[in-house]
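Structural characterization, general
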Amino acid sequence: MPSQGLLIREARESDLISLIGLFAADAMGGHGDTTDPSAYDDYLHAFRAITASSDQTLYAAELGGEIVGTFQTIIVTSLHGRGSSAMIIESVQTRTDLRGQGIGAAMINFCIDEAKGRGMKMVQLTSNAVRKDAHRFYERLGFKPTHLGLKMTLK
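Given the structure is predicted, the values throughout are model-derived calculations rather than measurements.

**What to know about the overall build of the protein**
- A count of helical and extended segments in the protein gives five helices and five strands.
- Counted from the first residue to the last, the protein has its helices and strands arranged as β-α-α-β-β-α-β-α-β-α.
- On C-alpha atoms alone, the protein measures out to a radius of gyration of 16 Å, which is about the 15 Å that the 2.2 N^0.38 rule sets for 155 residues.
- If you line up the protein on its principal axes, its C-alpha atoms span 45 × 40 × 30 Å.
- Once local pairs closer than 6 in sequence are excluded, the contacts in the protein between residues at least 24 apart make up 57%.
- Accessible area for the protein stands at about 10,100 Å²; split by element, carbon and sulfur atoms hold 53% of it.

As structure tokens, this is what we get:
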């Protein structure tokens with residue numbers, strides 16, 4: 001199983017080209033990601049903003065020296081729930097040719113363990129409504145579709 005030997009670590013700026021490639025290969029995401037060199041500065045700016053934040057972490061999943069997955073975590077503290085904090089899992093991507101090999105599950109389980117270790121009572125994520133396979137994957141890992149997410153694109 002390819003997930004054996006998987007290293008999950010904080011992403012480094014030197015990983016950026018590989019991370020961009022994961023997002024650009026996702027035709028279903030609809031985020032306009034591209035490997036066009038003219039877009040690199042946009043990604044670099046975002047990477048630096050994420051790494052400068054104490055509440056956000058961008059991760060790389062590495063196998064055999066290659067980046068095979070990525071995800072981001074965001075910690076949100078709210079007044080409701082007596083001041084509870086939750087981990088939001090965002091931007092989960094596994095290299096297309098390695099899906100179904102346990103890499104995604106290892107990344108999500110890493111998040112769950114990290115949240116538990118930090119005393120959080122909840123992890124949550126959203127998934128594009130058209131990603132039915134992803135929904136089944138998350139439900140197999142124990143996530144429940146308890147809320148409806150809404151989005152507004154701003155111009």
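Now that the structure has been shown, we can carry on.
**Examining the environment of isoleucine 50**
- With respect to the helices and strands, isoleucine 50 occurs in helix H2 (residues 40-52).
- The class for isoleucine 50 is buried, based on a relative accessible area of 13%.
- Each C-alpha atom of the pair isoleucine 50 and glutamine 72 lies 8.9 Å from the other, and the pair is 22 residues apart in sequence.
- Every residue in contact with isoleucine 50, bar those within four places of it in the chain, is listed here: Gln56, Thr57, Leu58 and Gln72.

**Observations concerning the pattern of salt bridges**
- All told, the structure shown has seven salt bridges when counted by the stated rule.
- The residue arginine 9 makes a salt bridge to aspartate 15 at a minimum N-O spacing of 2.7 Å.
- If you follow the salt bridges from partner to partner, you end up with Arg9, Asp15 and Glu62 in one network.

**Examining the side chain of threonine 73**
- Mapped onto the fold, threonine 73 is located in strand E3 (residues 66-77).
- Once residues lying within four places of it in the same chain are set aside, the contact partners of threonine 73 are Asp55, Gln56, Thr57, Tyr59, Met87, Ile88 and Cys111.

**So, helix H4 (residues 103-117)**
- Taking 1.5 Å per residue, 15 residues should reach 21 Å; H4 reaches 21 Å between its end C-alpha atoms and fits that length.
- Looking at H4, one finds that the buried residues are Ile103, Gly104, Met107, Ile108, Cys111, Ile112 and Ala115.
- For H4, the secondary structure elements touched by its buried residues are strand E1 (7-10), strand E2 (56-63), E3, strand E4 (85-94), strand E5 (123-125) and helix H5 (132-140).

**Remarks on the pairing of E4**
- Strand direction decides the pairing type here: E3 and E4, joined by eight bridges, are antiparallel. Residue pairing for E4: isoleucine 75 is matched across the bridge by methionine 87.
- As judged from the three bridges shared by E4 and E5, these two strands associate in the parallel manner. Residue pairing across strands places isoleucine 88 opposite glutamine 124, the latter belonging to E5.
- Between the parallel elements E4 and E5, the chain passes through H4 in a crossover that is right-handed.

**Some words on the sheet that holds E5**
- Across the sheet, which stays open at both edges, the five strands sit in the order E1-E2-E3-E4-E5 with mixed pairing between neighbours. At either margin of the open sheet sits one strand with a lone partner, and together these are E1 and E5. Looking at each pair of strands side by side, their axes are set apart by 30° on average, direction ignored.

Criteria and cut-off values
Residues numbered from 1 in each chain as written. Predicted model: local features only at pLDDT ≥ 70, side-chain atom pairs only at ≥ 80, totals over all residues. Heavy atoms only, no water. Helix = DSSP H or I, 4+ residues; strand = E, 2+ residues; numbered from the N terminus. Rg over C-alpha atoms; globule rule 2.2 N^0.38 Å. Contact = heavy atoms within 4.5 Å. Areas by Shrake-Rupley, 256 points an atom, 1.4 Å probe, with all protein chains shown as cover. Buried < 20%, exposed > 50% of the residue type's maximum accessible area, 1.4 Å probe, protein only. Salt bridge = Lys/Arg side-chain N within 4 Å of Asp/Glu carboxyl O. Expected span 1.5 Å × (residues − 1). Pairing = 2+ DSSP bridges. Right-handed = clockwise from strand over helix to strand, strands pointing away. Axes fitted to C-alpha atoms, helices over the stretch in contact; angles between N-to-C directions.

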